[in-house]
Amino acid sequence: MPIRDDVLVVGGGIAGMTAALAAAESGVQVRLLSHKKSTLRQASGLVDVLGAADGASPIAEPFEMIDRLPETHPYRIVGVDAIRDGLGLFDSAVGDAYVGGHTDRNALVLTHGGTIKPTARYPASVEPGLASVPEDTLLVGFGGLTDFDAPAAADHLAATGVPFEVDGATVEFPITFRDDARTTRLAKALDDDEEDARERLADAVAAELDGHERVGFPAMLGDDHGDAVRSELEDRLGAAVFDIPTGPPSLLGMQLEDRLISALDAAGVRMASGNPAVGYEADDGRIESVLVDRRGTEVPYYADEFVLATGGLVGKGIESDRESVTEPLFGCHVPHPDDRYEWSEAAAFGDHAFARFGVDPDDDLRPRDESGDEHFANLRAAGGVLGGADVAREKSAAGVSLATGAYAGRRAGEEVTQ
């Protein structure tokens, strides 16, 4: 029998998962197709709405800045209500594991590089370390782990003028592992309290504490039992303990992925992963199926409505060579200058045109062709595959994915139920 659903979402990142959750709320049958594991495991686990203006100035009130964005920006296309809808879906999916939903203001989170990041949603384990809390802070790193240099991060943070004393210390992890041990292995050792790891870690940090009121560790203080690990360390140290978001591989990102997958399962979304989408079948301006490569055989997945959420240039949802920029699955038009030298600026951190490359959507997020007409009547796009936003420069990647994913998913569900 052919595989058929009401809504088919292609792409397993935060945009695709949000679109699937939104569509499922319409009561329709939804399937999520993903080729590889989500890039969330490479992300910090933080959820930004809009963190910076002009690539530099931190934003305290992101919703007040939406109207100042270009009309082609995805936020302007879907509107503030869609941003709030996406955040609401996220809050429902992750429950009390994340905080920040009580206010429209950005929180100021410490990063592993010793900077301050404005963000809208963040794990509860990060909250005790917010830069807005004027408590003297000790940052702790582990010998042999090169991803986090606590003394250097503390120096960088102090240079920003934070309203508290900050110092850094490096201690040995209480158990010796191979140099290539994964973050999750260290976290599991604390989960299971192997070799009295929690007490030994507390003793090592206590020798460096020197009156600091809170202690920040790279986010590896347990996985399944992180709350218990932090609570025990707090009791032994007499100081608040918090996670510092790290770079890849990110335990906070992996935990977020797990929570979103659990939410999809609870919503009844069918998931198919491990095989790439390689083409499509269409008739009379509508997509009929997406073709998935299963060991050399193209298997069609049929649906009434489709959402494209395959990511941008980094996620391979947009591809480029020296001549052109393309969307490889459906062949959607990607506007870009003909002259390749206009794709970027001379400055490394300049306002690069390529950062905004993506499909050109209409006001219902349907990709348009070169003439400005809808590419397919039953296709919408969400997340990084959309053009018009430099999400890295403006710190809006997760927010754009949530807002456009929620909008595209709801509209797809509505079309099926009409």
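Throughout, residues of each chain are indexed from 1 in the direction in which the sequence is written. Note on the predicted model: pLDDT of at least 70 is required for a residue's local features to be given, and 80 or more for side-chain atom pairs to be given and counted; whole-chain, interface and lining totals, by contrast, use all residues. Side-chain metrics rest on all non-hydrogen atoms present in the structure, leaving aside hydrogens and water.

## Some remarks on helix 4 (residues 150–159)
Part 1: Three exposure classes are used, based on accessible area relative to the maximum for each residue type with a 1.4 Å probe and protein chains only: buried under 20%, partly exposed in between, and exposed over 50%. Counting from the N terminus, the helices are the DSSP runs of H or I reaching at least four residues and the strands are the DSSP runs of E reaching at least two. Among the residues making up helix 4, those that are buried are Ala150, Ala153, Ala154 and Leu157. When helix 4 is viewed along its axis, its buried side chains cluster within an angular range of 100 degrees and face the same direction. In helix 4, the exposed positions angled more than 90 degrees off the buried face are occupied by Asp155 and Ala159.
Part 2: What makes two residues a contact is simply this: any of their non-hydrogen atoms within 4.5 Å. Contacts made by the buried residues of helix 4 are with strand 6 (107–110), strand 7 (116–119), strand 9 (137–142) and strand 10 (166–171).
Part 3: Sitting at the amino-terminal end of helix 4 is Asp149, which places a side-chain oxygen 3.1 Å from the backbone nitrogen of Ala152.
Part 4: Positive phi shows up at Gly161, right after helix 4, with a value of about 85 degrees. Here the arc refers to the directions that run from the helix axis out to each C-beta atom. A 3.5 Å cut-off defines polar contacts: any pair of N or O atoms within that distance qualifies, except that in protein one atom must be a possible hydrogen donor and the other a possible acceptor, and neighbouring residues in sequence count only when both atoms are side-chain atoms.

## With respect to unusual backbone geometry
Part 1: Of note, the bond from Pro248 into Pro249 is cis; its omega dihedral lies within 30 degrees of zero at -5 degrees.
Part 2: Positive phi, normally seen in glycine, also occurs at Asp193, with a value near 55 degrees.
Part 3: By the secondary structure assignment, Asp193 is in the loop between helix 5 (183–191) and helix 6 (197–209).
Part 4: For Asp193, a relative accessible area of 26% gives the class partly exposed.
Part 5: Positive phi outside glycine occurs at Asp196, with the angle close to 55 degrees.
Part 6: In this structure, Asp196 sits in the loop between helix 5 and helix 6.
Part 7: Judged by relative accessible area, Asp196 falls into the partly exposed class, the value being 44%.

## Some words on the packing of helix 5 against helix 6
Part 1: Orientation of helix 5 relative to helix 6, taken along the N-to-C sense of each, is 105 degrees, at an axis distance of 8 Å. Accordingly, the angle class assigned to the pair helix 5 and helix 6 is roughly perpendicular. Residues Ala189, Leu190 and Asp191 of helix 5 form the contact with helix 6, whose participating residues are Ala197, Arg198 and Leu201.
Part 2: Amino acids are sorted into nonpolar (Ala, Val, Leu, Ile, Met, Phe, Trp, Tyr, Cys and Pro), charged (Asp, Glu, Lys and Arg) and polar (every other residue, Gly among them). Along the lines of polarity and charge, the residues of the contact of helix 5 with helix 6 split into 4 nonpolar, no polar and 2 charged. Fitted lines through C-alpha atoms serve as axes, helices being fitted only where they are in contact, and the angles separating the N-to-C directions of these axes extend from 0 to 180 degrees. For classification purposes, an angle smaller than 35 degrees is called roughly parallel, one larger than 145 roughly antiparallel, one from 65 to 115 roughly perpendicular, and anything else oblique.

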